[in-house]
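Architecture and fold: a report
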Amino acid sequence: MVISLSDNQVLLLRQRAQRLIPQQPAAVTGVAQVVKDLCGIQAQDATAAALSVRVRSTNLLNDDVERARVQERSIIRTWGQRGTLHLLATEDLAWLLPLLGPVFIAGHQRRYAELGLDEDILARGILAIHAVLANKEPLTRDELVEQLSLHGIRLIGQARPYLISHAALKGLICFGPDRGAKPTYVLLSDWLGQVHQEQTLSQASALAELARHYLKAYGPATPEDLAAWSGLPTSMARTAWQHIADQLNQAEISGSPAWILKTYASWLDEPPADAPVVRLLPAFDTYLLGYKKRDLLVPPQHARRVNAGGGLLNPTLLVNGRVVGTWKSKRQKNRLDVMLEPFDILSPEVQPGLQAEVTDVGRFLKVETTLQVMPPS
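Residues numbered from 1 in each chain as written. Predicted model: local features only at pLDDT ≥ 70, side-chain atom pairs only at ≥ 80, totals over all residues. Heavy atoms only, no water.

**A closer look at the overall build of the protein chain**
Along the protein chain, the regular secondary structure elements total 16 helices and 15 strands. By the compact-globule yardstick of 21 Å for 377 residues, the protein chain fits well, its C-alpha radius of gyration being 21 Å. Principal axes of the C-alpha set define a box for the protein chain whose edges measure 65 × 55 × 40 Å. Burial status across the protein chain gives 49% buried among its 377 residues. Pairs at least 24 residues apart make up 65% of the contacts formed inside the protein chain by residues separated by at least 6 positions. Taken as a whole, the protein chain presents about 17,700 Å² of accessible surface, with 50% of it coming from carbon and sulfur. In the protein chain, 39 side chains carry a positive charge and 37 a negative one; their mean positions are 4 Å apart. (Helix = DSSP H or I, 4+ residues; strand = E, 2+ residues; numbered from the N terminus. Rg over C-alpha atoms; globule rule 2.2 N^0.38 Å. Buried < 20%, exposed > 50% of the residue type's maximum accessible area, 1.4 Å probe, protein only. Contact = heavy atoms within 4.5 Å. Areas by Shrake-Rupley, 256 points an atom, 1.4 Å probe, with all protein chains shown as cover. Lys, Arg positive; Asp, Glu negative; His and termini not counted. Charge placed at Lys NZ, Arg CZ, Asp CG, Glu CD.)

And the structure:
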């Protein structure tokens, strides 16, 4: 049986899967569980990644995210989906990195060649990185590059980050503790110790695991959505879908097929929220990165205000699953000013939820917040 879904039902299911609808009573959830539930959070901007955790949790603080990464090491910052920096649950690394890494490494071959990173240099670079980090404290990129030069690996320009990301995609290194404003790198095996000694999955099992994780956080969706979110070829995404076909219900969205997990179909029977669900999403939020097209989430006439080009996704105001504006913040000496630019005049029903979100951002960052709503433009 095919389930016909309205746009509002699709948005309801996706918000619920993304942990954007508050649950009653609110469950106490740690940082690692939030990251695992989303199968990773884009983390090229560390503050934005932490705010993505905030909007999907209750009572966590910004410090908790860093504690989970550096002290508990239950999450890792490394290159993940789409070959971009992510926070990933440590327990997922053993199957996720071997699945994604080879795909992105293969996709980088032309760029490697342009940068002078031939197979010999890449192989020697991996050995040198291991040797350097095995005998050192965590190193910044400049320090690591300097040490590599002593091993005969001299890097200039973009060859530096590409070799480092290559090592990370190989599962050799990850980010360690920040040193001031600068990140550092460590050997993944040293950083995680015995926690990392888990058996990897076959590619078929890993693809099935990826499809399940994806649909838990993004359904209803399609294999093409999975490919866009993960960075895998569409053929691999379709294969992943086939591996869990018996766990899926087919749905219809505006005349097109999509799929949800069978276990999530009961969510359609839940009563709607009493008040609008208002969320302040940070830059690069995973809710907007999870699909091939964003027309249902973002009004097409305002798409360029959300996608600023060059891969930059601005922070957004979400009301009942739809983006209705963008926002930015400015740190003052003793406060954080939140400036909202709505697409249209906000209804009075949205105001309490908006103010609650602004207040919660301040609670999370441990700073007083103010809100300024700009006239629609």
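**What about the sheet that holds strand E9 (residues 278–281)?**
Spatial ordering of the open sheet is given by E9-E12-E13-E14-E15, a layout of five strands whose pairing is mixed. Both outer strands of the open sheet, E9 and strand E15 (368–373), are each paired with one neighbouring strand and no more. Strand after strand, the sheet turns through a mean of 30 degrees between neighbouring axes, direction not considered. Bridge count between strand E14 (residues 335–342) and E15: six bridges; the pairing is parallel. Within E15, the position partnered with Leu336 by the bridge is Thr369. Lying over the sheet, helix H16 (residues 351–365) contacts E9, strand E12 (316–319), E14 and E15, oriented at roughly 145 degrees with respect to E15. (Pairing = 2+ DSSP bridges. Axes fitted to C-alpha atoms, helices over the stretch in contact; angles between N-to-C directions.)

**A word on helix H5 (residues 93–107)**
Here H5 is 15 residues long and its end C-alpha atoms lie 20 Å apart, about the 21 Å a rise of 1.5 Å per residue gives. Of all the bends in H5, the greatest, near 25 degrees, is centred on Gly101, and the proline Pro102 appears no more than four residues after it. What H5 keeps buried is the set Leu93, Ala94, Trp95, Leu96, Leu97, Leu99, Leu100, Gly101, Phe104 and Ile105. (Expected span 1.5 Å × (residues − 1). Bend = angle between axes of the 7 residues up to and from the residue.)

**What about the sheet that holds strand E1 (residues 3–5)?**
The mixed open sheet is built from three strands, whose spatial order is E1-E7-E8. Each edge of the sheet is formed by a strand with only one pairing partner; in this case those strands are E1 and strand E8 (256–261). The sheet shows a mean angle of 40 degrees between the axes of neighbouring strands, taken without regard to direction.

**Points about the packing of aromatic side chains**
As enumerated under the stated definition, the model contains 10 aromatic pairs in all. Taking 6.4 Å as the distance between ring centres and 50 degrees as the angle between the ring planes, the aromatic pair formed by Tyr214 and Trp241 counts as tilted. Of this pair, Tyr214 sits in helix H11 (residues 203–218) while Trp241 sits in helix H13 (residues 234–243), placing them 27 residues apart in sequence. Trp241 matches Tyr214 in its accessibility class, with the two residues each being buried. Clustering of aromatic rings is evident, with ring pairs tying together Tyr214, Tyr218, Trp229, Trp241, Trp259 and Tyr291. Residue placement shows Arg16 over the ring face of Trp267; its charged tip is 4.2 Å from the ring centre. (Phe/Tyr/Trp six-rings, centres within 6.5 Å; stacked < 30°, edge-to-face > 60°. Lys NZ or Arg CZ within 6 Å of the ring centre and 35° of its normal.)

**Description of the nonpolar core**
In this structure, Leu148, Ile173, Leu210, Tyr214, Leu226 and Leu354 are the most contacted members of the largest nonpolar core, which totals 122 residues. Top contributing element to this core by residue count: H11, with nine residues. Those residues in contact with Leu210 that sit more than four places away from it in its chain are Cys39, Trp95, Leu96, Leu99, Leu226, Trp229, Ser230 and Leu232. (Core = buried A, V, L, I, M, F, W, Y, C linked by side-chain atoms within 4.5 Å.)

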